[in-house]
Amino acid sequence: SPTRTREPLAWNGTGTTQNLFAIVLGRCYAYTQLLRPGLRSEDCPKILDAFKSAFISKNPCNITQQDYRPLVDLVNQTVPCNKSLFWSKSKELAHQYARVQGKMFTLEDTLLGYLADDLTWCGDPGSVEPNYQSCPHWNECLNHTGSVFWKVISKKFAESACGVVQVMLNGSLSKPFRKSSIFGNMELFNLDPRKVHTFQAWVMHDIGGNSSDSCSSPSLTELEAIVTERNITFTCQNNYRKVLGKMEP
Ligand code: 2NF
């Protein structure tokens with residue numbers, strides 16, 4: 001095995017998840033064989049190789065969208081119309097809803113999002129191994145291994161959405177919609193108005209917390225203006241009942 005000539009670069013974030021490659025390969029087989037049979041499980045070793053090639057031996061602050069191109073091109077998954085669920089600051093509830101409902105797709109219910117959810121990974125210019133000691137925090141530099149990955153696959157997810165799309169927002173925040181979030185700057189602007197006719201916002205509040213009419217707050221009015229300007233019909237619901245109802249045992 002190659003000997004290190006020096007210590008890996010030191011960053012402010014946690015290092016690569018232990019057993020990263022085994023987790024990614026295992027998730028790939030689980031997804032393609034058990035969760036969504038019909039996707040090609042024989043591609044999993046190729047998918048893992050393309051994932052590795054995107055960042056191994058590279059400076060984790062100098063990753064480009066092209067680095068992930070071979071990986072993204074290996075996966076041809078489309079989400080059925082009316083089934084895309086975007087979220088911002090509401091990950092757990094959005095996932096629960098999508099999965100209980102069984103038929104909605106958050107980004108993490110697509111293969112690429114599923115492979116990487118909750119994982120950290122980065123390489124090091126001086127090594128063929130991932131950097132298990134530290135990785136850049138996502139606000140430490142712009143073009144970092146994780147940010148670029150999520151931006152690339154978020155953009156693709158948004159571009160392919162069609163029909164009615166939903167976004168779940170967190171009404172317990174003073175600004176449930178933020179233009180600077182990944183939803184606000186990658187997903188929203190990559191929806192295709194020729195395919196997406198209606199945009200539904202669900203503003204959820206903590207159960208037992210203060211309930212307010214977030215749909216008429218300035219933050220939601222700003223979202224409405226952007227959506228309407230893009231010639232997509234906008235609707236907004238506070239505490240969409242179907243979400244809460246489905247959560248009851
Ligand atoms: O880890 C994920 N599963 C993930 C990461 C980034 C983006 C998922 N996404 C996709 C989801 F599918 C949602 O539709 O983007 C949408 C949510 O992103 P958001 O920025 O609108 O919402 P937040 O709840 O603020 O952030 C979601 C996660 O992304 C991390 C953040 O720590 C949280 O774990 N995050 C925020 N900004 C960045 C960034 N610039 C970021 N990760 C990398 N780069």
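Please refer to the structure higher up on the page.
Residues numbered from 1 in each chain as written. Predicted model: local features only at pLDDT ≥ 70, side-chain atom pairs only at ≥ 80, totals over all residues. Heavy atoms only, no water.

Draft legend 1. Quick peek at unusual backbone geometry. A positive phi angle, close to 60°, is found at Asn19, a residue other than glycine. Positionally, Asn19 belongs in the loop between β1 (13–14) and α1 (20–35). Relative accessible area serves as the criterion here: at 53%, Asn19 is assigned to the exposed category. Even without a glycine there, the phi angle at Ser57 is positive, about 65°. Residue position: Ser57 is located in the loop between α2 (44–55) and α3 (69–74). (Helix = DSSP H or I, 4+ residues; strand = E, 2+ residues; numbered from the N terminus. Buried < 20%, exposed > 50% of the residue type's maximum accessible area, 1.4 Å probe, protein only.)

Draft legend 2. Examining the side chain of Thr145 more closely. Positionally, Thr145 belongs in helix α6 (residues 145–159). Those residues in contact with Thr145 that lie beyond four places of it in its chain are Phe55, Pro60, Ile63, Tyr68, Trp121 and Cys122. (Contact = heavy atoms within 4.5 Å.)

Draft legend 3. Representation of the state of the cysteines within the structure. Inspection of every chain in the model, using the stated rule, returns five disulfides. Between the sulfur of Cys215 and that of Cys236 lies a disulfide, 2.0 Å long from S to S. Its S-S torsion of approximately -80° makes the covalent link between Cys215 and Cys236 left-handed. Note that Cys215 is positioned in the loop between β5 (196–204) and α8 (218–229) and Cys236 in strand β6 (residues 233–238), a separation of 21 residues in sequence. Regarding the disulfides, the protein chain carries the connectivity 1-2, 3-7, 4-8, 5-6, 9-10 under sequence-order numbering of its bonded cysteines. (Disulfide = S-S within 2.5 Å.)

Draft legend 4. Main features of the pairing of strand β4 (residues 163–170). β4 sits mainly inside the fold: eight of its eight residues count as buried. Pairing analysis gives four bridges linking strand β2 (residues 85–88) to β4, with the strands arranged parallel. Following the sheet pairing, Phe86 is matched in β4 by Val167. Note that β4 and β5 share eight bridges and pair parallel. When the sheet's bridge partners are listed, Met168 is paired in β5 with Trp202. Between β4 and its parallel partner β5, the chain crosses via helix α7 (residues 182–187), and the hand of that crossover is right-handed. (Pairing = 2+ DSSP bridges. Right-handed = clockwise from strand over helix to strand, strands pointing away.)

Draft legend 5. Quick look at the sheet that holds β5. Read across the open sheet, the four strands follow the order β2-β4-β5-β6; overall the sheet is parallel. Each of the sheet's edge strands pairs with one partner strand only, and the pair in question is β2 and β6. Neighbour-to-neighbour, the strand axes of the sheet open up by a mean angle of 20°, direction not taken into account. Against the sheet, α8 engages β4, β5 and β6, with an angle of about 155° to β6. (Axes fitted to C-alpha atoms, helices over the stretch in contact; angles between N-to-C directions.)

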